[in-house]
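Per-entry structural report
If you want the building blocks of each chain, they are given just below.
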Amino acid sequence: NNHGVESTDAIAEETRGILAKCHIFLYDDMVPFLGKVSENNKLALVTYGEDSFQNAKVDGCGIIKKYFDKIIITQNIYKDKEVAGLAGGRKAIFVEDNPTALSAVKLIAPQVITVRMNRGEGRYAKEVSQKGIDYEIKGLFELYETCLAN
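The sections below set out a description of the structure shown in this document.

Thresholds applied
Residues numbered from 1 in each chain as written. Predicted model: local features only at pLDDT ≥ 70, side-chain atom pairs only at ≥ 80, totals over all residues. Heavy atoms only, no water. Phe/Tyr/Trp six-rings, centres within 6.5 Å; stacked < 30°, edge-to-face > 60°. Helix = DSSP H or I, 4+ residues; strand = E, 2+ residues; numbered from the N terminus. Buried < 20%, exposed > 50% of the residue type's maximum accessible area, 1.4 Å probe, protein only. Core = buried A, V, L, I, M, F, W, Y, C linked by side-chain atoms within 4.5 Å. Contact = heavy atoms within 4.5 Å. Pairing = 2+ DSSP bridges. Right-handed = clockwise from strand over helix to strand, strands pointing away.

**Remarks on the packing of aromatic side chains**
Following the criterion strictly, the structure yields one aromatic pair and no others. With a centroid separation of 5.8 Å and 85 degrees between ring planes, the pair formed by phenylalanine 33 and phenylalanine 141 is classed as edge-to-face. Of this pair, phenylalanine 33 sits in helix H2 (residues 30-37) while phenylalanine 141 sits in helix H6 (residues 140-148), and the two are 108 residues apart along the sequence. Owing to a relative accessible area of 6%, phenylalanine 33 belongs among the buried residues under this scheme.

In structure tokens form, the structure reads like this:
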């Protein structure tokens, strides 16, 4: 008798099942936006978290992987060194929901256009935008109109 506690194997299996279906959690604008923007731009996904978990999430999102030239998983929640390294002194756009990460990137890579994604939900939705954030958007096509259409 395990007193109503699931085995770690059962929990791990359930988690793998959820991660395999991550694509159902993508916003409706994600795939059309990536398809349009990836035609003329190099895209990188910089994601924070534990390697195997983040890889499972990305794999579970399926189709979006093909749009990215590079996928970087980091344990640095600010992603500043990773984004600065990707930009390499060139103009780039960094879209992120964490306002502290955006400010950190702007400090070490001022040429990077920092864009806060705030759809009104999620971990950072209620945090105030800080210094170093160039734009705030609610959807990806807003980003296209603001930064990429020219």
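**Overview of the nonpolar core**
Of all hydrophobic cores here, the largest spans 17 residues; its most connected members are Phe33, Leu34, Leu43, Val115 and Leu143. Among the elements of the structure, H2, strand E4 (112-117) and H6 are those that each provide at least two residues to this core. The contacts of valine 115, once residues within four sequence positions are left out, are Ile93, Phe94, Val95, Glu96, Leu102, Tyr135, Ile137, Leu143 and Cys147. Grouped together as the second largest cluster of nonpolar side chains are eleven residues, Val46, Ala84, Ala87 and Val112 included.

**What about the pairing of E4?**
E4 sits mainly inside the fold: six of its six residues count as buried. Pairing of strand E3 (residues 92-96) with E4 involves five bridges; the strand directions are parallel. Bridging across to E4, isoleucine 93 finds its partner in isoleucine 113. Traced from E3 through helix H5 (residues 99-108) to E4, the parallel crossover comes out right-handed. Pairing between E4 and strand E5 (residues 135-137): three bridges, direction parallel.

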